[in-house]
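What follows is each chain in one-letter form.
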Amino acid sequence: LNNLQVVLNRMAEYELALAELYLTCSQIWPDNKYVWILMERGEVKHAQYINKITKMVTEKPEVFELGRPLKPVAIQVSISGIRWNLQRLKNKEITERNMLFISRDIEQSLLENQYGEIVKTNDTEFQSLMNEILLDTLAHREFLNDKIKERQTLREDHLTVAGVR
């Protein structure tokens, strides 16, 4: 139970680091400000859900068991990666195009896709919260893929117009 609580706390920390990354994107690229803010709000909501799940696990430990093991150090490595990209972003070392790829990779990372497997339970509230996190993550990933395709199409159109093709 204690390890599970540590993992859940790290997961909430991970979500908040990701939210900070997206908030910073909204400040750097005002043309897509609202898109990045929506993603940031989604990550904040995920952290709130994970905190709620942590409370549920603490209050009713008999209903939950550790599912697929996830080491807190693995989550910490992911958090460090987000913070490194955040620093690069603040130093203007990342283009928005590259940030779309980085964000998409984060959203489709093993960590983001394992949430539902970390805890085993039949608790319907837990299942509902996890499903919402997973659906949001899928929507973020699809949105980022669409933005990437849109930018590639615009780039191809620009190259064609410029006669580069």
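For the structure, see preceding data.
Just so we're clear, the structure is a prediction, and the values are computed from it rather than from any experiment.

1. Details of the overall build of the chain
(1) Moving on: Counting its regular elements, the chain contains 6 helices and 2 strands.
(2) Moving on: Listing every helix and strand of the chain by position from the N terminus yields α-α-β-α-α-α-β-α.
(3) Moving on: For the chain, the residues scored as buried account for 43% of the 165 residues in total.
(4) Moving on: Look at the contacts in the chain between residues 6 or more apart in sequence, and 85% of them connect residues 24 or more apart.
(5) Moving on: When the accessible surface of the chain is totalled, it reaches about 9200 Å², and 52% of it is carbon and sulfur.

2. Some points on helix α4 (residues 96-107)
(1) Moving on: Under the 1.5 Å per step criterion, the end-to-end length of α4 is 16 Å for 12 residues, consistent within 8% with the ideal 16 Å.
(2) Moving on: Every buried residue belonging to α4 is among Glu-96, Met-99, Leu-100, Ile-102, Ser-103, Arg-104, Ile-106 and Glu-107, and all of these are buried.

3. Focus: the pattern of salt bridges
(1) Moving on: Evaluated as defined, the whole model comprises 13 salt bridges.
(2) Moving on: Measuring nitrogen to oxygen at the nearest pair gives 3.0 Å for the salt bridge that ties Asp-123 to Lys-60. Placement of the pair is Asp-123 in the loop between β2 (119-120) and α6 (124-161) and Lys-60 in the loop between α2 (33-59) and β1 (65-66), with a sequence separation of 63 residues.
(3) Moving on: For Lys-60, a relative accessible area of 31% puts it in the partly exposed group.
(4) Moving on: The network of salt bridges with shared partners includes Arg-10, Glu-13, Glu-20, Arg-83 and Lys-90.

4. Describing the nonpolar core
(1) Moving on: In this structure, Met-11, Leu-21, Trp-36, Met-99, Tyr-115 and Ile-118 are the most contacted members of the largest nonpolar core, which totals 41 residues.
(2) Moving on: Elements that contribute at least two residues to this core include exactly α1 (2-28), α2, α3 (72-90), α4, α5 (110-118) and α6.
(3) Moving on: The element contributing the most residues to this core is α1, with 11 residues.
(4) Moving on: In contact with Met-11, not counting residues within four places along its chain, are Ile-50, Ile-75, Tyr-115 and Ile-118.

5. Let's talk about the side chain of Asn-32
(1) Moving on: You can see Asn-32 is positioned in the loop between α1 and α2.
(2) Moving on: Side-chain polar atoms of Asn-32 contact the side chain of Glu-96, separated by 3.0 Å.
(3) Moving on: When neighbours within four sequence positions are excluded, Asn-32 is seen to be in contact with Glu-96 and Lys-147.

6. Observations regarding the environment of Ser-128
(1) Moving on: Locating Ser-128 in the fold gives a position in helix α6.
(2) Moving on: Given a relative accessible area of 44%, Ser-128 falls into the partly exposed group.

7. Focus: the environment of Val-63
(1) Moving on: Here Val-63 shows up in the loop between α2 and β1.
(2) Moving on: Taking the C-alpha atoms as reference points, Val-63 and Lys-120, 57 residues apart in sequence, are found 8.6 Å from one another.
(3) Moving on: Each residue touching Val-63, except ones within four places of it in the same chain, is listed here: Lys-120, Thr-121 and Asp-123.

8. Let's talk about unusual backbone geometry
Trans is the common state for peptide bonds, and a negative phi is the common state for residues other than glycine.
(1) Moving on: Backbone geometry at Lys-92 places phi at a positive 55°, although glycine is not the residue there.
(2) Moving on: Looking at where Lys-92 falls in the secondary structure, it is placed in the loop between α3 and α4.

9. Quick notes on the packing of aromatic side chains
The way to describe two aromatic rings as a pair is by their centre distance and the angle between their planes.
(1) Moving on: This structure, assessed with the given rule, holds 3 aromatic pairs.
(2) Moving on: A centroid spacing of 5.8 Å and a plane angle of 40° characterise the contact between Tyr-22 and Trp-36, whose relative ring orientation is tilted. You can see Tyr-22 sitting in helix α1 and its partner Trp-36 sitting in helix α2, a full 14 residues away along the chain.
(3) Moving on: Among the residues examined, Tyr-22 registers a relative accessible area of 0% and is labelled buried.
(4) Moving on: When its relative accessible area of 2% is taken as the criterion, Trp-36 is described as buried.
(5) Moving on: Ring geometry for Trp-29 versus Trp-36: centroids 6.3 Å apart, planes at 35°, classification tilted.
(6) Moving on: Through a chain of ring-to-ring contacts, the aromatic side chains of Tyr-22, Trp-29 and Trp-36 assemble into a single cluster.
(7) Moving on: Over the ring of Trp-84 we find Arg-88, and its NZ or CZ is 4.5 Å from the ring centre.

About the cut-offs
Residues numbered from 1 in each chain as written. Predicted model: local features only at pLDDT ≥ 70, side-chain atom pairs only at ≥ 80, totals over all residues. Heavy atoms only, no water. Helix = DSSP H or I, 4+ residues; strand = E, 2+ residues; numbered from the N terminus. Buried < 20%, exposed > 50% of the residue type's maximum accessible area, 1.4 Å probe, protein only. Contact = heavy atoms within 4.5 Å. Areas by Shrake-Rupley, 256 points an atom, 1.4 Å probe, with all protein chains shown as cover. Expected span 1.5 Å × (residues − 1). Salt bridge = Lys/Arg side-chain N within 4 Å of Asp/Glu carboxyl O. Core = buried A, V, L, I, M, F, W, Y, C linked by side-chain atoms within 4.5 Å. Polar contact = N/O pair within 3.5 Å; in protein donor to acceptor, adjacent residues only side chain to side chain. Phe/Tyr/Trp six-rings, centres within 6.5 Å; stacked < 30°, edge-to-face > 60°. Lys NZ or Arg CZ within 6 Å of the ring centre and 35° of its normal.

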